[in-house]
Amino acid sequence: MYPGAEFPFTYGSVHDPLTGRTQGLLDRCTSSNTCPKIVHAATALEMWELRQSLGFTDPLGIRDLEEPANVRSYIMASTQHGAAQLPLRASAFCQQQSNPNPHTWTVRALLQGLTAWVWVRNGTEPPPSARPTIAAGTLVAADQVRFPPIPANNYGGLSRPAVRYLGLHNPLHVQDYGEDYRPEDTSGIITVNPPKVSPARYGNLVPQVDPDGNDIGGIRNVFVEVPIGTYTGWNLFNRSFFEDGFCTLQGSFIPFARTKAERLAAGDSRLSIEERYPSKEAYVAAVKVAAEELVSRRYLLPEDATHLISQAERDGIRSAP
């Protein structure tokens, strides 16, 4: 109900059938030939809580849109707004532990790509955009997400409730703040507050997931490609406050069972750690493959890949996020 989320959502110009306006975020700088080069990076949480998909699709969420040549966009799969600090503890307000999946390594690579694009003469093109799309089936309506059932468990000695996937999302309606408010500029004077809310609703979408519940589209970092649990861009408040509503700016982490016997006892369909990585060597090999693939796509810096591989060789299979 707060102003600031009005159309336009996309950098390029597109028609909005709900307001009748045709507009884009870069219209003015395009007309004056003053647009900057833009690297737009966001976490999975922005897809769930902040309707980020509307920046990539038509307003009704029916088709993907082409980006302007001066824009690259990246969604960092299975991350929350800011990674939870380690050691990870039980949350006082959320149903699940918060998501510690770090996007530091990805952002370092994207910043280097932006720097080369902007500052180097005849600049190198940055890595291609990486985000969920409707065409690939990785950007879907919330009720189409195939999130796996994850039972209550006591993995690692911490008692957790079953994960409740409710298909929750953050809908956006056309809102009328009065005739003196200019929604096309997010400016003016609000004379109707709270606003009049139209039944017309935009088509915001969310990421599809793999059998573990981790996001498919976007940049899947080493921690998602070689996971020790499920990382989400959403979490729910527990019964202490606004139960089953979005636990604000928090994703979830639900570890895998350590052994096959433990997961079967819990009724968990996600493979255990021992089933995924039968040895330290198997785990290190998987980390190396994932890191090298990310480097080849320029979503990870070579020196950071070396660090992550060395960490796996030193410490073995992670026992904590």
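Worth saying up front: this structure is predicted, and the values here are computed from it rather than measured.

## A few points about the packing of aromatic side chains
Okay, so step 1: The full count for this structure, using the stated rule, is 13 aromatic pairs.
Okay, so step 2: On the numbers, 6.2 Å between centres and 70 degrees between planes, the contact of Y74 with Y299 is edge-to-face. Placement of Y74 in strand 4 (residues 71-76) and of Y299 in the loop between helix 7 (280-296) and helix 8 (302-315) is noted, with a sequence separation of 225 residues between them. In this structure, Y74 and Y299 share a single accessibility class: buried.
Okay, so step 3: Plain terms: the ring middles of F147 and W234 are 5.4 Å apart, the flat faces sit at 65 degrees to each other, and that makes the pair edge-to-face. Of this pair, F147 sits in the loop between strand 5 (139-140) and strand 6 (173-176) while W234 sits in the loop between strand 11 (229-232) and strand 12 (252-255), and the two are 87 residues apart along the sequence.
Okay, so step 4: Taking the relative accessible area as the measure of exposure, F147 reaches 12% and is therefore buried.
Okay, so step 5: Here W234 falls in the buried class, since its relative accessible area comes to 6%.
Okay, so step 6: Members of the aromatic cluster, connected to one another through ring pairs, are W48, F147, Y165 and W234.
Okay, so step 7: Its end group placed over the ring of F256, R276 keeps NZ or CZ at 3.7 Å from the ring centre.

## A few points about the pairing of strand 3 (residues 38-43)
Okay, so step 1: Both strand 3 and strand 4 contribute to a ladder of six bridges, which runs parallel. Within strand 4, the residue paired with I38 across the bridge is V71.
Okay, so step 2: Crossover connection from strand 3 via helix 2 (residues 44-49) to parallel strand 4: handedness right-handed.

Conventions and cut-offs
- Residues numbered from 1 in each chain as written.
- Predicted model: local features only at pLDDT ≥ 70, side-chain atom pairs only at ≥ 80, totals over all residues.
- Heavy atoms only, no water.
- Phe/Tyr/Trp six-rings, centres within 6.5 Å; stacked < 30°, edge-to-face > 60°.
- Helix = DSSP H or I, 4+ residues; strand = E, 2+ residues; numbered from the N terminus.
- Buried < 20%, exposed > 50% of the residue type's maximum accessible area, 1.4 Å probe, protein only.
- Lys NZ or Arg CZ within 6 Å of the ring centre and 35° of its normal.
- Pairing = 2+ DSSP bridges.
- Right-handed = clockwise from strand over helix to strand, strands pointing away.

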